[in-house]
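Here is what each chain is made of, one letter per residue.
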Amino acid sequence: MDSSSSSSSSNNNLNQNSRGSKHSSGEKWRTLSSVVTVVKNPKRRFRFTPNIAKRHEAAAMRRSNQEKLKMAVLVSKAAFQFLQGVQDDYPVVTEEFKAAGFDICAEEVGCIAEGRDPKRVKLHGGVDGIADKLKTTTTDGICTENIKRLTQRQQLFGINKFTEAAQRSFWVFVWEALQDMTLMVLGACAFVSLIVGIATEGWPQGAHDGLGIVASILLVVFVTATSDYRQSLQFKDLDKEKKKIYIQVTRNAYRQKLSIYELLPGDIVHLAIGDQVPADGLFLSGFAVSIDESSLTGESEPIMVSSENPFLLSGTKVQDGSCKMLVTAVGMRTQWGKLMATLSEGGDDETPLQVKLNGVATVIGKIGLFFAMVTFAVLVQKLLTRKFTEGSQWSWSGDDAMQLLEYFAIAVTIVVVAVPEGLPLAVTLSLAFAMKKMMNDKALVRHLAACETMGSATTICSDKTGTLTTNRMTVVEACMCTKIMDLSKQQAAAAAAEIPNEALKLLLQSIFTNTGGEVVINQHGGAREILGTPTETAMLEFGLSLGGDFQSERKASKVVRVEPFNSTKKRMGVVLELPEGSARAHCKGASELILAACDKMINANGDVVNLDEASLNHLKGIIEKFASKALRTLCLAYIDLKNNNVDVSLADTPIPACGYTCIGIVGIKDPVRPGVKESVALCRAAGITVRMVTGDNINTAKAIAKECGILTNDGIAIEGPDFREKSLEELDILIPKIQVMARSSPLDKHTLVKHLRTTFGEVVAVTGDGTNDAPALHEADIGLAMGIAGTEVAKESADVIILDDNFSTIVTVAKWGRSVYINIQKFVQFQLTVNVVALIVNFTSACLTGSAPLTAVQLLWVNMIMDTLGALALATEPPNDELMKRPPVGRTGNFISSAMWRNILGQSLYQFIVIWLLQSRGKSFFGLHGDDSDLILNTLIFNAFVFCQLFNEINSREMEKEDVVDGIWDNNVFVSVISATFLFQVIIVEYLGTFANTSPLTIVQWVFSIVIGYLSMPIAVYLKRIPILFT
């Protein structure tokens, strides 16, 4: 999201999003923050903003790593030349490691991957030798049964965590709250007031004013610090959730899922496309492994990892292929650990709304500063005029000094009230509250700004598999040897009996060898367990149900080449070396693509025959039939390579693109998730268009889209290849109508998202789970990664992680996003009303009467009501169903809307008239006489003013709706804040008069104050009935 609005721009033209890059740069933030000149407390205002220095430090570390990488390559080349002729001294193992039974120390093993030194690897006897010295095996992994050895391994080699900044204590937040410049000036005023007061009136009478200001300052500071401290704890908890990553590890000869924080040197880690390498390590075995090291070194070119170049570095990402890795270094012994420790201090970017509200606060602050200076000048001028009139201009008493000090304190307090420091901080409070609640609703927010942007979303581009569907897949139909088998009606064993023996052998070989999954025995209970994606699990279940044996099939042939599935090729393949020495390639993938690569098929007798036109049409008809039932179709095929002059001994043997024999077609059922249809209908009612973007067959996609309510009669379903061929003019006409895109590539998704954002001004949310979805997730306004099916690369590119992979959760995120946006609007409306009235009342009163009705202590209390307590009450309002019945704000909506200006100006006018009438007619109306009449009147004005704010806080719960009390009792925070404010107001007026310059009021006067405040509610109803002429 581009934080690009100038903070000095007109308040009612604050668009929430711009169309540039969604992630703001440090330079851009500096430009924006440079205009924020009137700041009471920079430490607090800019707490949740980027630390540019730390980011530059991290960038410098990346450049250093890049230079080290280049140097390591040069050194390793030179080392190869001298490897045979030079014999290094054998590395020394310290006594500590020897005593624990290890033959290599942490420093030595940690340098192996980081230094990329093949010489060192060979010196230790290769990867197997290093594994032996770490007391592990490359097949079974670490043995954890010996607790003492496990503890020693942790103590000597370290744990897989990097050093983080310590949680700041509550007193740090108290200290930051005290850094407020206006509070410091008021503190100085209080100190002078104490000295002068005690010197002129003695103790304790002369200390009341000064102590009152001190007590008010301390109250403001502690309430502010408590609020900020609670927010920091919430962010800390969410930060821990972000870092929860699990990975497949072999320990005790069992493959299992472990947290990356539990990894230790000696562990055997299984890596696949999209995984983040969790620690430094060495390649053991695998195929076509390509590593993206840009996050660590800044180098964009992927690095090929193999037995010749076995080095894997923590924090890098698997771009292609799969492999097993031996962990050699963890945590702070890795370059990634050192880099992350620096990056963790870099801070988050400010959200666009925080930047804009910083701008609003600055503009209002400048106005407040001007009014404060004029007020002080007018009050001093009145005092000087009076003294000249009396002829006492040359004799100044302690009372005169106290009067000047009071005037100065009032001027400073006007700045306190006028600068709405709470505006940008209300965003943080609301976001922290929303993020915590969204976590309970299975959505983990990675970037603060995503919360507010999701509220403006106008389009959701959703995946099908696992998001709209359950991702619990089963093979329910299959076509083998031209026969259709309905597995929902017959047993798989009976179906297997109908397949000719040779064809069944080929089918089982294809299922069990051409797979990214694995059948293992569970460590607990010894039960059979299938590991892999839902599609792979369904296929392996199918193979096992046909009587196949995974382990024996894998042992029967040697895998020499693997091409993992990716969403660009829409296929995966494997090359096998068979026992008799020949080679065979198997592939499976998108049915129409694999079928197009076939020129032969297996007939009903199990014989291989040419694929003629009739047979091809028959198989295409079966694919369409399966797809129309909303089944995901896969085609399996093979090719014998014995006569193709292919050297299968080479690991990079290419898998042929054509000439295959079709083994069969399977139809996989993936039911639609419960509640998706209702969620899609809710989105449509909210003005959010849902589009399905999937790699599946178009008929499958259309069937699922109709079932979900996404594809309507006036919508279009299109295939990725057709979409790619359209001209820009055709796309401009076509894109608004597209509701389903099938057989799409990641580039198609990226193109669609880019056009929706730039050409049509849509605010786009995109879901993704694969590595190749990263560009679209990054391009979108809000990237939504799947928590279960998503790769680490996709999650890192996303703004929000959907922990249950459920579309209904995405709708919940949209609802929370709208709630955040509207809650902040409510708070802004409430606070600006207080600002306007407090400014005008004190300024006009000072100019016309020579005194201010609201004292410094009273204004500090008002400031706390409108700042911390107001934000707590209004910015934490939970979402309701009504939010999804209004259109989205989109890009062009003004943050401070015309309805808000109407409510602000209407309520301000009412409050100003009431207070002015009280000032001018209050004494006669209430029959106030005597020395304390001014004090009672000012107390009455203060009381009426506070109750006006209290009831206006209730009015601010709704900006358009007349019924503002609907659901109020469901919000415990709001009720608590209102109740506490009322209670403290009674205490201040009745019992703290000495410090707050108030006098106890009669029952009639209390009722009058409450009624004056309550009248703002019917006035709010009439205001909401005034039609808005300008939007």
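Relevant structure appears above.
Residues numbered from 1 in each chain as written. Predicted model: local features only at pLDDT ≥ 70, side-chain atom pairs only at ≥ 80, totals over all residues. Heavy atoms only, no water.

A word on the packing of helix α33 (residues 898-926) against helix α38 (residues 1016-1024). It is the contact of α33 with α38, at a shortest axis distance of 10 Å, that shows an interaxial angle of 140 degrees. Classified by the angle between their axes, α33 and α38 sit oblique to one another. In this structure, α33 meets α38 at a crossing whose hand is right-handed. Every residue of α38 that contacts α33 at Arg902, Asn903, Gly906, Gln907 and Tyr910 is listed here: Ser1016, Ile1019, Ala1020, Leu1023 and Lys1024. Here the residues of the contact of α33 with α38 sort into four nonpolar, four polar and two charged. (Axes fitted to C-alpha atoms, helices over the stretch in contact; angles between N-to-C directions. Helix = DSSP H or I, 4+ residues; strand = E, 2+ residues; numbered from the N terminus. Parallel < 35°, antiparallel > 145°, perpendicular 65-115°, else oblique. Left-handed = near helix turned anticlockwise from the far one by under 90°. Contact = heavy atoms within 4.5 Å. Nonpolar A, V, L, I, M, F, W, Y, C, P; charged D, E, K, R; others polar.)

Within the largest apolar cluster, 64 residues are counted, with the highest numbers of intra-cluster contacts made by Trp861, Leu918, Phe942, Phe945, Ile954 and Phe974. For this core, the element with the most residues is helix α34 (residues 933-955), which contributes 13 residues. Setting aside residues up to four positions removed in sequence, Trp861 forms contacts with Phe942, Val946, Thr981, Phe984, Gln985 and Ile988. Core analysis: the second largest hydrophobic core is formed by 63 residues, Val672, Ile688, Val740 and Val763 among them. (Core = buried A, V, L, I, M, F, W, Y, C linked by side-chain atoms within 4.5 Å. Buried < 20%, exposed > 50% of the residue type's maximum accessible area, 1.4 Å probe, protein only.)

It is worth spelling out the pairing of strand β21 (residues 689-693) at this point. In terms of burial, β21 is a largely internal element, four of the five residues being buried. With two bridges connecting them, β21 and strand β23 (residues 738-742) associate as parallel partners. Paired with Val693 across the two strands is Met741, which belongs to β23. (Pairing = 2+ DSSP bridges.)

Our focus in this paragraph is the packing of aromatic side chains. Centre-to-centre distance and the angle between the planes together describe a pair of aromatic rings. All chains considered together, the criterion is met by 15 aromatic pairs. Taken together, a centroid distance of 5.4 Å and an interplanar angle of 70 degrees make the contact between Phe170 and Trp171 edge-to-face. Taken together, a centroid distance of 6.0 Å and an interplanar angle of 85 degrees make the contact between Phe947 and Trp1006 edge-to-face. Placement of Phe947 in helix α34 and of Trp1006 in helix α37 (residues 1003-1014) is noted, with a sequence separation of 59 residues between them. (Phe/Tyr/Trp six-rings, centres within 6.5 Å; stacked < 30°, edge-to-face > 60°.)

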